[in-house]
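Observations on the three-dimensional arrangement
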Amino acid sequence: SRMKRLSMMLNSSRNQNQLALIDVKGFDPKDVTVMVKDGKVTVLAEHKEESNTTRTKTCNYRKLVQEFSLPPGVSEDEVTYSL
């Protein structure tokens, strides 16, 4: 189901400590992008849904952006995530 509750957990592969748990409810995994650059992690989720009838056109758009800095000592190459 598209509305299935999804969560994303970002981990440091060195010691498997959880860095963040982000609720991405309402987004398919293909809607979610994770970028690690310049010591920051950015999570972007976007979903656009359009429906047309003979009388109306409806557009539903959702966007989530969360950004945070990596803790000291955590390399960008060590960050992993799962949905």
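The rules behind the values
- Counting from 1, residues in each chain are numbered in the order their sequence is written.
- pLDDT decides what is reported in this predicted model: residues at 70 or higher carry local features, side-chain atom pairs at 80 or more are listed and counted, and totals for whole chains, interfaces and linings draw on all residues regardless.
- Side-chain descriptors were evaluated using all non-hydrogen atoms of the structure, hydrogens and water having been removed beforehand.
- By the criteria applied, helices consist of DSSP H or I runs no shorter than four residues and strands consist of E runs no shorter than two, each listed in order from the N terminus.
- Only protein chains enter the calculation, and the probe is 1.4 Å; a residue is then buried if its accessible area is under 20% of its type maximum, exposed if over 50%, and partly exposed in between.
- We call two residues contacting when some pair of their heavy atoms lies within 4.5 Å.
- Computed with the Shrake-Rupley method and a 1.4 Å probe, the accessible areas treat only the protein chains shown as cover for residues.
- Strands are treated as partners if at least two bridges between them are detected by DSSP.
- Axes, fitted as lines to C-alpha atoms, cover a helix only where it is in contact. Angles between the N-to-C directions of the axes lie from 0 to 180 degrees.
- In the analysis that follows, any N or O atom pair within 3.5 Å is treated as a polar contact, provided that within protein one partner can donate a hydrogen and the other can accept it, and provided that, for residues neighboring in sequence, both atoms belong to side chains.
- Here, nonpolar core means buried Ala, Val, Leu, Ile, Met, Phe, Trp, Tyr and Cys residues that are tied together by side-chain atoms lying within 4.5 Å of each other.
- Confidence of the predictor at the level of single residues is captured by pLDDT, which takes values from 0 to 100.

What follows deals with the overall build of the protein. Secondary structure summary: the protein contains zero helices and six strands in total. For the protein, with 83 residues in total, the buried portion stands at 30%. Contacts spanning at least 24 positions in sequence make up 46% of the contacts within the protein whose residues lie at least 6 apart. Element-wise, carbon and sulfur atoms account for 47% of the exposed surface of the protein, whose accessible area totals about 5800 Å².

The three strands are arranged E3-E4-E5 in an open sheet whose pairing can be described as antiparallel. On the outer flanks of this sheet lie strand E3 (32-37) and strand E5 (57-69), each paired with one strand and no other. Adjacent strand axes in the sheet meet at a mean angle of 15° when their direction is disregarded. With six bridges connecting them, E3 and strand E4 (residues 40-52) associate as antiparallel partners. What sits directly across from Met-35, in E4, is Thr-42.

Okay, the side chain of Thr-42 next. Here Thr-42 shows up in strand E4. There is a polar contact of 3.0 Å between the side chain of Thr-42 and the side chain of Glu-67. When near neighbours in sequence (up to four residues on either side) are disregarded, Thr-42 contacts Thr-33, Val-34, Met-35, Val-65, Gln-66 and Glu-67.

Take the nonpolar core next. One finds Ile-22, Val-24, Phe-27, Val-32, Val-43 and Leu-64 to be the most contacted residues of the largest nonpolar core, which totals 13 residues. At the level of secondary structure, the elements contributing two or more residues to this core comprise strand E2 (18-23), E3 and E4. Here this core takes three residues from E4, the largest share from any one element. In contact with Leu-64, other than residues within four places in its own chain, are Ile-22, Asp-23, Val-24, Phe-27, Val-43, Leu-44 and Ala-45.

This part takes up the confidence of the model for the protein. Averaged over all residues, the pLDDT of the protein is 79; the fraction at 70 or higher stands at 77%. Low pLDDT, under 50, characterises residues 1-7; the stretch is placed with 22 contacts to residues that sit more than four places away or in other chains.

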